[in-house]
Amino acid sequence: MNRNIETAVKKVLEYIATMFCAERAYVFQFYGKYYSNTAEWCKEGIMPEIDNLQNIPIGDDQVWLDELQTHKKLVINDVEELKDTFPTGYDLLIHQGIRNIVWVPLIKNGEVYGSLGLDNQDLEMAEVAVPFLQTIQYFLSLSMQRNENENEKMLFELSQIDRLTSFYNRNRFIQDVSELKESRGSVGVVYLDINGLKEINDSFGHDAGDKLIKGCAGVMKNSTASKRLYRIGGDEFVIIYTDITEEFF
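Residues numbered from 1 in each chain as written. Predicted model: local features only at pLDDT ≥ 70, side-chain atom pairs only at ≥ 80, totals over all residues. Heavy atoms only, no water.

**Some details on the overall build of the chain**
Here's step 1: A tally of regular secondary structure across the chain gives eight helices and nine strands.
Here's step 2: Taking 2.2 N^0.38 as the reference for a compact globule, 249 residues should give roughly 18 Å; the C-alpha atoms of the chain span a radius of gyration of 27 Å, well beyond that estimate.
Here's step 3: By its C-alpha atoms, the chain is 80 × 45 × 30 Å across when sized along the principal axes.
Here's step 4: Counting across all 249 residues of the chain, residues that qualify as buried make up 39%.
Here's step 5: Within the chain, residue pairs in contact and separated by at least 24 positions form 55% of the contacts whose partners lie at least 6 positions apart.
Here's step 6: Counting only carbon and sulfur atoms, one obtains 52% of the accessible surface of the chain, whose full area is about 15500 Å². (Helix = DSSP H or I, 4+ residues; strand = E, 2+ residues; numbered from the N terminus. Rg over C-alpha atoms; globule rule 2.2 N^0.38 Å. Buried < 20%, exposed > 50% of the residue type's maximum accessible area, 1.4 Å probe, protein only. Contact = heavy atoms within 4.5 Å. Areas by Shrake-Rupley, 256 points an atom, 1.4 Å probe, with all protein chains shown as cover.)

**Side note on the nonpolar core**
Here's step 1: Counting 22 residues, the largest nonpolar core has Leu 13, Val 27 and Leu 116 as its most contacted members.
Here's step 2: When residues no more than four places from it in sequence are discounted, the contact partners of Leu 13 are Ala 25, Tyr 26, Val 27, Ala 39, Glu 40, Trp 41 and Leu 116.
Here's step 3: Ranked by size, the runner-up nonpolar core spans 21 residues in total, among them Trp 64, Ile 76, Tyr 90 and Ile 98. (Core = buried A, V, L, I, M, F, W, Y, C linked by side-chain atoms within 4.5 Å.)

**Examining helix α4 (residues 87-95)**
Here's step 1: Residues Gly 89, Tyr 90 and Leu 93 constitute the buried set of α4. The arc that holds the buried residues of α4, viewed along the axis, is 100 degrees, so those residues lie on one side.
Here's step 2: One or two steps after α4, the chain reaches Gly 97, where phi turns positive at roughly 75 degrees. (Arc of directions from axis to C-beta.)

**Side note on the pairing of strand β9 (residues 236-242)**
Here's step 1: Of all seven residues making up β9, five are buried, and the element is well covered by its neighbours.
Here's step 2: Relative to β9, strand β7 (residues 187-193) runs antiparallel, the two sharing seven bridges. The residue of β9 that forms the bridge with Val 190 is Ile 239.
Here's step 3: Pairing of strand β8 (residues 228-231) with β9, which is carried by four bridges, proceeds in the antiparallel orientation. Note on β9: the bridge partner recorded for Arg 228 is Ile 240.
Here's step 4: Linking β8 to β9, which pair antiparallel, is a turn of four residues. (Pairing = 2+ DSSP bridges.)

**Considerations on empty space enclosed by the protein**
Here's step 1: Across all of its chains, the model carries two cavities of 30 Å³ or more by this definition.
Here's step 2: As a volume, the largest cavity reaches approximately 110 Å³.
Here's step 3: Lining the largest cavity we find 13 residues, and of these Phe 28, Leu 53, Leu 93, Gln 96 and Trp 103 sit closest to its centre.
Here's step 4: Per-class residue counts for the lining of the largest cavity are nine nonpolar, two polar and two charged.
Here's step 5: In this structure, the second largest cavity spans a volume of roughly 40 Å³.
Here's step 6: If you trace the second largest cavity, you find it lined by Phe 28, Phe 30, Tyr 35, Asp 61, Trp 64, Leu 65, Trp 103 and Ser 115.
Here's step 7: At the level of secondary structure, the elements contributing two or more residues to the lining of the second largest cavity comprise β1 (24-31) and α2 (62-71). (1 Å grid on protein atoms, 1.4 Å probe; cavity = no way out; pocket = protein on both sides within 12 Å on 5 of 7 lines; lining within 4 Å. Points joined across faces, edges and corners; volume = space filled by probe spheres on them. Nonpolar A, V, L, I, M, F, W, Y, C, P; charged D, E, K, R; others polar.)

**Here we look at the pattern of salt bridges**
Here's step 1: Scanning the model with the defined rule gives eight salt bridges in all.
Here's step 2: Members of the salt-bridge network, linked through shared partners, are Arg 24, Glu 40 and Asp 119. (Salt bridge = Lys/Arg side-chain N within 4 Å of Asp/Glu carboxyl O.)

Structure representation (structure tokens):
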């Protein structure tokens, strides 16, 4: 329920690590041929590794991703067992002071896109840790995906919506006009600007100017059935009608 996803995930990691007496809890996410540590909690006295684990080539580590995809878990109770069978993996883990690990996958649309993991946990609790983490990852994945969707929505609004009026902005206007050039239908265009906006800003401040802009935008919105309303400049607006007769326009 915490709107700050980074704070929420870190708190969840702290709870999990404390519950299973682990030294480190973390989230990895996979991006094409690379993976990165995107969230981490460390026990007091344990050095964080998150800054050292960014944009790491998957390479030989693909074997671990395959294990997550196939068995929905990766459990290594003794890293020393990898010394001869998987030396590159052994070197990576031992360099971080890791003795044992438990990973479960983060899954979206049936595909593994990340992992939730513990380092150096109490081995007596290893069997309990896996099903618990598999349950937690479900809620964690939902929250992270919701956050991604909200970020995408925010980026869309920043790139195409004028925040003061909620009209489309100049970027969207240019995009739509480009598409309309290819249209065979009729198009009607209304151009408006606000008289005296600069004088109001100079005399009464930008808050007064913003209030005027919002008021004028409200008049425009209430005076037209078109959904194509644009603020293309500080005091300039355009309303576009499509597939409309000249007489009706």
